[in-house]
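# Structural features, examined
For reference, the chains in residue letters:
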Amino acid sequence: MAQVSSEISSNSDENTPFDVSIIGAGPAGLFATYYAGFREMKTVILDALPEAGGQLSVLYPEKTIFDVPGYSEVLARDLVTSLVKQATRYNPLVLLGERVNDLKKGEDGVFTLSTDKRQLKTKSVLITAGVGSFSPNKLNVLNQERYEGNGIYYFVKKKEFFRNKNLLIVGGGDSAADWALNLKDVCTCIVLIHRRDQFRAHEQTVKELYNSPNVTVRTFTELKRVDGDETGLTSAVIFDNRSNMEDTIPVDCILINIGFKANLGPIANWGLAMENRAIKINGRMETNIPGIYAAGDIASPTDSVKLNLITTGFAQAALAINVAKKYVDPKAQLFPGHSSEKSA
Ligand SMILES: Cc1cc2nc3c(=O)[nH]c(=O)nc-3n(C[C@H](O)[C@H](O)[C@H](O)COP(=O)(O)OP(=O)(O)OC[C@H]3O[C@@H](n4cnc5c(N)ncnc54)[C@H](O)[C@@H]3O)c2cc1C
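Residues numbered from 1 in each chain as written. Predicted model: local features only at pLDDT ≥ 70, side-chain atom pairs only at ≥ 80, totals over all residues. Heavy atoms only, no water.

### Re the side chain of Ser124
- With respect to the helices and strands, Ser124 occurs in the loop between strand 9 (119–122) and strand 10 (125–127).
- In terms of polar contacts, Ser124 uses its side chain to reach the backbone carbonyl oxygen of Asp19, at 2.7 Å.
- Among all residues touching Ser124, those that are not within four sequence positions of it are Asp19, Val20, Ser21, Met41, Phe111, Gly291, Tyr293, Ala324, Tyr327 and Val328. (Helix = DSSP H or I, 4+ residues; strand = E, 2+ residues; numbered from the N terminus. Polar contact = N/O pair within 3.5 Å; in protein donor to acceptor, adjacent residues only side chain to side chain. Contact = heavy atoms within 4.5 Å.)

### Re the sheet that holds strand 7 (residues 100–105)
- Spatially, 7-8-9 is the arrangement adopted by the three strands of the open sheet, whose pairing is antiparallel. The open sheet has two edge strands, strand 7 and strand 9, and neither has a second partner. Sheet twist, expressed as the mean angle between neighbouring strand axes with direction ignored, is 20 degrees.
- As paired strands, strand 8 (residues 111–115) and strand 9 are joined by four bridges and run antiparallel to one another. Each bridged residue has a counterpart across the sheet, and for Leu113 the counterpart in strand 9 is Leu120. (Pairing = 2+ DSSP bridges. Axes fitted to C-alpha atoms, helices over the stretch in contact; angles between N-to-C directions.)

### Here we look at the pairing of strand 3 (residues 43–47)
- Most of strand 3 sits inside the fold, with five of its five residues counted as buried.
- Burial along strand 3 is two-sided: the residues Thr43, Ile45 and Asp47 and Val44 and Leu46 are all buried.
- In this structure, strand 2 (residues 20–23) lies alongside strand 3, joined through four bridges in parallel fashion. Counted as the bridge partner of Ile23 is Leu46 from strand 3.
- Handedness of the strand 2-helix 1 (residues 27–38)-strand 3 crossover: right-handed. (Buried < 20%, exposed > 50% of the residue type's maximum accessible area, 1.4 Å probe, protein only. Right-handed = clockwise from strand over helix to strand, strands pointing away.)

### Description of the site of the ligand
- Around the ligand, a shell composed of 29 residues is seen, among which Asp47, Gln55, Tyr60, Asp67 and Ile310 lie nearest.
- In the environment of the ligand, an oxygen atom lies 3.3 Å from a nitrogen or oxygen atom belonging to the backbone of Pro27.
- Between the ligand and the protein, one listed contact pairs an oxygen atom with a backbone N or O atom of Asn308 at 3.3 Å.
- Those elements giving two or more residues to the shell around the ligand turn out to be helix 1 and helix 2 (55–58).
- In terms of residue class, the shell around the ligand is built from 14 nonpolar, 10 polar and five charged. (Near = heavy atom within 4 Å. Nonpolar A, V, L, I, M, F, W, Y, C, P; charged D, E, K, R; others polar.)

### Here we look at a nonpolar patch on the surface
- Together, Val305, Leu307 and Leu309 make up a nonpolar patch on the protein surface, roughly 280 Å² of accessible area in all.
- Structurally, Val305 can be placed in the loop between strand 24 (299–301) and helix 7 (310–328). (Patch = residues over 30% accessible without salt bridge, like charges linked within 9 Å, V, L, I, M, F, W, Y side chains within 5 Å. Areas by Shrake-Rupley, 256 points an atom, 1.4 Å probe, with all protein chains shown as cover. Salt bridge = Lys/Arg side-chain N within 4 Å of Asp/Glu carboxyl O.)

### Some details on helix 1
- In this model, helix 1 (12 residues) spans 17 Å end to end at C-alpha, consistent with the 16 Å of a helix rising 1.5 Å per residue.
- Most of helix 1 sits out of view: 12 of its 12 residues are buried.
- Along helix 1, the positions that sit buried rather than exposed are Pro27, Ala28, Gly29, Leu30, Phe31, Ala32, Thr33, Tyr34, Tyr35, Ala36, Gly37 and Phe38.
- The secondary structure elements touched by the buried residues of helix 1 are strand 2, strand 3, helix 2, helix 3 (76–87), strand 10 and helix 7. (Expected span 1.5 Å × (residues − 1).)

Treat this as a map of the structure, not an account of what it does.
So, in structure tokens, the structure goes:
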């Protein structure tokens, strides 16, 4: 997993204001951090999660991405590793595990940004907070709490963790179906249960699931309870929601993939003009508050289309940082020059 230590400091004197604070270390925020360093801006990047990468690290680290320029294909986690390397080239301050709770502009035009742990002064802000902080939807089944994190999981961080395990997957969407296919050669056996017979997952993926010898798909089936011993899970009771017939199956792990709740959290209270849970931006990535910019999934361009893709965020991040550079230092050029002409 792409890890950066929770604090990397070199240009980290917190007493003088940062030129730019980047809120959210997903792909857009990481690329923005590289760009801010390239523009010689004093930079801090913060993320509520304990690791960088945003959705790529949390939701699909082991999936292959095919639409990032320059990579014909790349594992999400490998892309994050490269982005982190690129982002830290100019030694920004990196603060992970710190949610930004409050953002206020002072009379002198300098912003104060507050996390649970500190306050920082900054001349400009780039919000790359994606869909906000997200948490997985949970089931409410008997004994669940006892095995959360010790048998019951919501994310796949490492496929190898599931090697030779009997895995129960709950869900009928893309995540559940994709993980069943991705893990079918790693696990001893997989049972996928879904409460309906209609899948939200892609039709072709569902077809592949039904044709996979070590995956059993059971529709109209729900989880009732889990049981185990001090070492972890040993079995799960599932039931047919039409007949209420129960079945006890041996399981070592359960992967619950029934969606996520995205929560914009404090961002909605910062006085920013919003549209459908996203921050309105113009073609210069400016929000309604001078000095605050937005890029990536959190941004809603008023005069362009909204495409929640990694490449869209990269381009918006580069635009936002160059515009922010000129805001912070009006004598600076908007055009950054060519990175290929800068000495390493
Ligand atoms: C299953 C799946 C597959 C996908 N596949 C592709 C693909 O193949 N190609 C593609 O282009 N796109 C794909 N996407 C979409 C892509 O992942 C997103 O467009 C991208 O992650 C958006 O990047 P971002 O940096 O804007 O936000 P995010 O990746 O969402 O990162 C935002 C970060 O901000 C942090 N944050 C939020 N609020 C705060 C706060 N108050 N304080 C501090 N930190 C905060 C969050 O913790 C998070 O880490 C996929 C998405 C999913 C779910």
